[in-house]
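# Descriptive structure summary
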Amino acid sequence: MSDLLPRAEQQDDTRSLVDAWLRAANTHEVAAEIEAIYQIVADQVAAHQPVCVSSGRCCHFRDHGHLLYTTGLEAAYAVSRLRPGRSLSPESVAGAVDRGDCPFLVREQCSIHTIKPSGCRVYFCDQENEGWQQALSERVVDQLRRLHERRAIPYRYAEWRALLAWFAAS
Ligand code: SF4
């Protein structure tokens, strides 16, 4: 099993973090703050108009040579808003880790497009149009960190599937 997935002895700690993040993500106030940050990203993307051919290549982390990092709170926001009937199992996360992709990639499309984390919203592989992405990414991470501080929410910034494994195991 990959090092990305939690070991048994970590699970009590991760469960209390997951509970705190889910509680926060399900409040109207915190959800509204997360959505305001996502709107900033949407406005910047609209202003820069990077090309996306929806190939899903960037969601194949191993093949694309990168990893997706996000906060536990953003993971909670997404996981708690999965459509009815859609759940996150330890097996689906482990399968994604083994394949080197994302458990929400379905037929080369994102199946959680409206609730995906900020890293997926900021990143575009359009090499002709990427100079603005780093600054936007740093701005978003800073705003998310400040949201945690203001609302006394535990802060963790970690690899996407590692965080999802915490939720799946809880
Ligand atoms: S959440 Fe969606 S966009 Fe982000 S890596 Fe997964 S499938 Fe791709």
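A short tour of the structure in this document, coming up. Note that the coordinates shown come from a computational prediction; the quantities given were computed from them, not determined experimentally.

Attention shifts here to the nonpolar core. One finds Trp21, Leu73, Leu88, Phe104, Trp160 and Phe167 to be the most contacted residues of the largest nonpolar core, which totals 36 residues. Residue assignment for this core shows that the elements contributing at least two residues are helix 1 (11-25), helix 2 (28-48), helix 4 (72-79), helix 5 (90-99) and helix 8 (160-169). Setting aside its immediate chain neighbours within four residues, Leu73 contacts Trp21, Ala24, Ala25, Val30, Ile34, Leu147, His148 and Ile153. Counting residues in each nonpolar core, the second largest holds nine residues, with Ile37, Val41, Val122 and Leu144 among its members.

For the rest of this paragraph, the subject is the packing of helix 5 against helix 8. Running from N to C, helix 5 and helix 8 point in directions that differ by 165°, and their axes come no closer than 9 Å. Classed by the angle they form, the pair helix 5 and helix 8 counts as roughly antiparallel. The crossing of helix 5 and helix 8 is left-handed. Each of Pro90, Val93, Ala96 and Val97 in helix 5 lies in contact with helix 8, whose residues at this interface are Arg161, Leu164, Ala165 and Ala168. Partitioned by chemical class, the residues of the contact of helix 5 with helix 8 number seven nonpolar, no polar and one charged.

Below, the discussion takes up a nonpolar patch on the surface. A surface patch of nonpolar side chains, about 300 Å² in accessible area, is lined by Leu67, Tyr69 and Tyr157. With a relative accessible area of 40%, Tyr157 lands in the partly exposed category.

To continue, consider helix 8. Burial within helix 8 is extensive, with nine of its 10 residues counted as buried. Buried within helix 8 are the following residues: Trp160, Arg161, Ala162, Leu163, Leu164, Ala165, Trp166, Phe167 and Ala168. One side-chain oxygen of the residue at the start of helix 8 lies 2.8 Å from the amide nitrogen of Arg161, identifying that residue as Glu159.

The next subject is the site of the ligand. Neighbouring the ligand are Cys59, Phe61, Cys102, Phe104, Leu105, Cys110, Ile112, Lys116 and Cys120. Taken together, the residues of the shell around the ligand sort by class into eight nonpolar, no polar and one charged.

Here the structure, examined in full by the defined rule, presents five aromatic pairs. Here the aromatic rings of Tyr69 and Tyr157 are separated by 5.9 Å at their centres, their planes lie at 40°, and the arrangement is tilted. Of this pair, Tyr69 sits in strand 1 (residues 69-71) while Tyr157 sits in strand 4 (residues 157-159); the two residues are 88 residues apart in sequence, bridging distant segments of the chain. The class for Tyr69 is partly exposed, based on a relative accessible area of 39%. The interplanar angle of 55° and the centroid separation of 6.1 Å between the aromatic rings of Phe104 and Trp160 together place this pair among those described as tilted. Of the two residues, Phe104 sits in the loop between helix 5 and strand 2 (105-106) while Trp160 sits in helix 8, which places them 56 residues apart along the sequence.

Criteria and thresholds
- Per chain, residue numbering runs from 1 following the sequence as it is written.
- Reporting of local features is limited, given that this is a predicted model, to residues whose pLDDT is at least 70; pairs of side-chain atoms are given and counted only at 80 or more, and all residues count toward the totals for whole chains, interfaces and linings.
- Excluded from the side-chain calculation are hydrogens and water; included are all heavy atoms of the structure.
- Take the buried residues of types Ala, Val, Leu, Ile, Met, Phe, Trp, Tyr and Cys, join any two whose side-chain atoms come within 4.5 Å, and each joined set is a nonpolar core.
- The rule is simple: take the accessible area with a 1.4 Å probe, protein chains only, and divide by the maximum for that residue type; under 20% is buried, over 50% is exposed, in between is partly exposed.
- Only DSSP runs of H or I reaching four residues or more are called helices, and only runs of E reaching two or more are called strands; each is numbered from the N terminus.
- Contacts were defined at the residue level, with two residues in contact if any of their heavy atoms lie within 4.5 Å.
- The angle between two axes is taken between their N-to-C directions and runs from 0 to 180 degrees, where each axis is a line fitted to C-alpha atoms and a helix contributes only its stretch in contact.
- Note on terminology: angles under 35 degrees are roughly parallel, angles over 145 are roughly antiparallel, angles of 65 to 115 are roughly perpendicular, and the others are oblique.
- A clockwise turn of the near helix away from the far one marks a right-handed crossing, whereas an anticlockwise turn of less than a right angle marks a left-handed crossing.
- Amino acids are sorted into nonpolar (Ala, Val, Leu, Ile, Met, Phe, Trp, Tyr, Cys and Pro), charged (Asp, Glu, Lys and Arg) and polar (every other residue, Gly among them).
- Excluding any residue in a salt bridge, patches collect residues exceeding 30% relative accessible area, merging like charges within 9 Å and nonpolar Val, Leu, Ile, Met, Phe, Trp and Tyr side chains within 5 Å.
- Methods summary: accessible areas were calculated by the Shrake-Rupley approach with a probe of 1.4 Å, and residue burial reflects only the protein chains presented.
- When a carboxyl oxygen of Asp or Glu is within 4 Å of a side-chain nitrogen of Lys or Arg, the pair counts as a salt bridge.
- Polar contact is defined as a pair of N or O atoms within 3.5 Å, subject to the rule that within protein one atom must be able to donate a hydrogen and the other to accept it, and that residues adjacent in sequence are counted only when both atoms are side-chain atoms.
- We call a residue near a molecule or strand when any one of its heavy atoms sits within 4 Å of it.
- Geometry of aromatic contacts follows a simple scheme: Phe, Tyr and Trp rings, the Trp one being its six-membered ring, pair when their centres are within 6.5 Å, and the pair is stacked under 30 degrees between planes, edge-to-face over 60, tilted otherwise.

Shape descriptors only; they carry no functional weight alone.
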